[in-house]
Structures are given as structure tokens and as C-alpha cells.
Amino acid sequence: MALLGRPSPPPPQGPAATLSGHGGAVNAVAFSPDGRLLASGSSDRTVVLWDVTDASHPARAVGLTGHRSAVNAVAFSPDGRLLASGSTDWSVILWDVTDLANPTRSAVLVHERPGWLFRDGWRQGGVHAVSFSPDGLFIACASDRTVIVWDVSDPARPSRCARVTHHRHVWRSGPVYR
């Protein structure tokens, strides 16, 4: 189909590359703001950073370990200096990724446990989503029925500043995913 007299681009021929390197299912992915890195979080409890500057030949840059359970969420700060990873172990780890040869853990944010939810026979729990504010000063972490907002203006000393939760007696309230 031509648009405004221009020929249509050819249809995609398949993936530019396939990334493999996790020992479990990949649950979350996020690009860095500059598009040079891709973070993937897995049920194998790891986060892998991939150098995707050459899309046809991506390379594993570094693996990050520290969660005790599956990683469900990853997000880069707007300046790309921090990566947040959220897990079913109820934690969010803030990683300083400015030096890919030596990424460091800036802080561990511990999310409260409001109780276990069951959905379709499966136990739900942990952190399901993480998102930085546009200025990078705050991060929202979502779990079962609760969102906690943290001030991360000093990533080494984050402070909890807000909590939003569903009413406990609302039937069918479930996890917050986005």
C-alpha cells in the first residue's frame, strides 16, 4: 500500500537478532533512554544488560544478580544512569549502570507484603512494575493492591514518600501491573 505516492517499505524479514542467555523465562524488558542498552529480567532471578548498538549483533554486556526470586520488572531512569529491577521477592534494586564494567547496587527498596492473592489458582506476590518519574527523582513500585512511591533523588538514600492501595474488602482487587 502506498501512502501519499510513496512506495511501501518491504515487509519485515524476521528478527534482526535473537538474544539468549537467561536460564528461565524472560518477564520484563526495557531500553535505556539512548537506545544503546536493553535490560531483561528473568525468572532465573537475574537481570542482563545487552549492548544493542549494533542491532544485528547484540552482545551481553553484564549480568546483575541479587534478587532471591523472579525478576518481573525493569526500568531505566530518564538519564540512563540508574536501572530499577523489581522481583517477586518484594524488593526493588536500584543499580548504578554508569560504568558497565562495574555496575553497582545503589539501594534495595523493600516493598510491603499486603497478603497473598490467588488468581486462576496461582499465588500472586511481589513487585510487578517499576516506573521512574520523568525527572528521575521518584520511582513508583507496584505490587498486589499497592503502589509505593520512593524519592530517589539520592539513590544511595531513597525514602518512601507515598503509598496508594486498594481497599482491603474490595472483591476482585488484584495486582497492579502497570
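The structure presented is a predicted model; accordingly, all values stated were derived computationally and were not measured.

**Q** Sorry if this is basic, but what is going on with the sheet that holds strand β4 (residues 59-65) here?
**A** Sheet strands pair by backbone hydrogen bonding; their relative direction is either parallel or antiparallel. Here four strands make up an open sheet; going across it, the order is β1-β2-β3-β4 and the pairing antiparallel. A strand with exactly one partner marks an edge of an open sheet, and here the two such strands are β1 (26-31) and β4. Neighbouring strand axes in the sheet, compared pairwise and without regard to direction, differ in orientation by 20° on average. Looking at chain direction, strand β3 (residues 46-51) and β4 are connected through six bridges and run antiparallel. Across the sheet, residue D51 finds its bridge partner in β4, namely A59.

**Q** Mind showing me how you'd approach the nonpolar core here?
**A** It is characteristic of soluble globular proteins that their nonpolar side chains tend to be buried jointly. V92, L94, V130, F132, I139 and C141 are the most contacted members of the largest nonpolar core, which has 16 residues in total. Mapped onto this core, the elements with two or more residues apiece are β5 (71-76), β6 (82-87), β7 (91-96), β8 (104-110), β11 (129-132), β12 (138-143) and β13 (146-151). Formed by 15 residues, the second largest nonpolar core is a distinct cluster that contains V47, F76, W95 and V97.

What counts, and where the lines are drawn
- Residues numbered from 1 in each chain as written.
- Predicted model: local features only at pLDDT ≥ 70, side-chain atom pairs only at ≥ 80, totals over all residues.
- Heavy atoms only, no water.
- Pairing = 2+ DSSP bridges.
- Helix = DSSP H or I, 4+ residues; strand = E, 2+ residues; numbered from the N terminus.
- Axes fitted to C-alpha atoms, helices over the stretch in contact; angles between N-to-C directions.
- Core = buried A, V, L, I, M, F, W, Y, C linked by side-chain atoms within 4.5 Å.
- Buried < 20%, exposed > 50% of the residue type's maximum accessible area, 1.4 Å probe, protein only.

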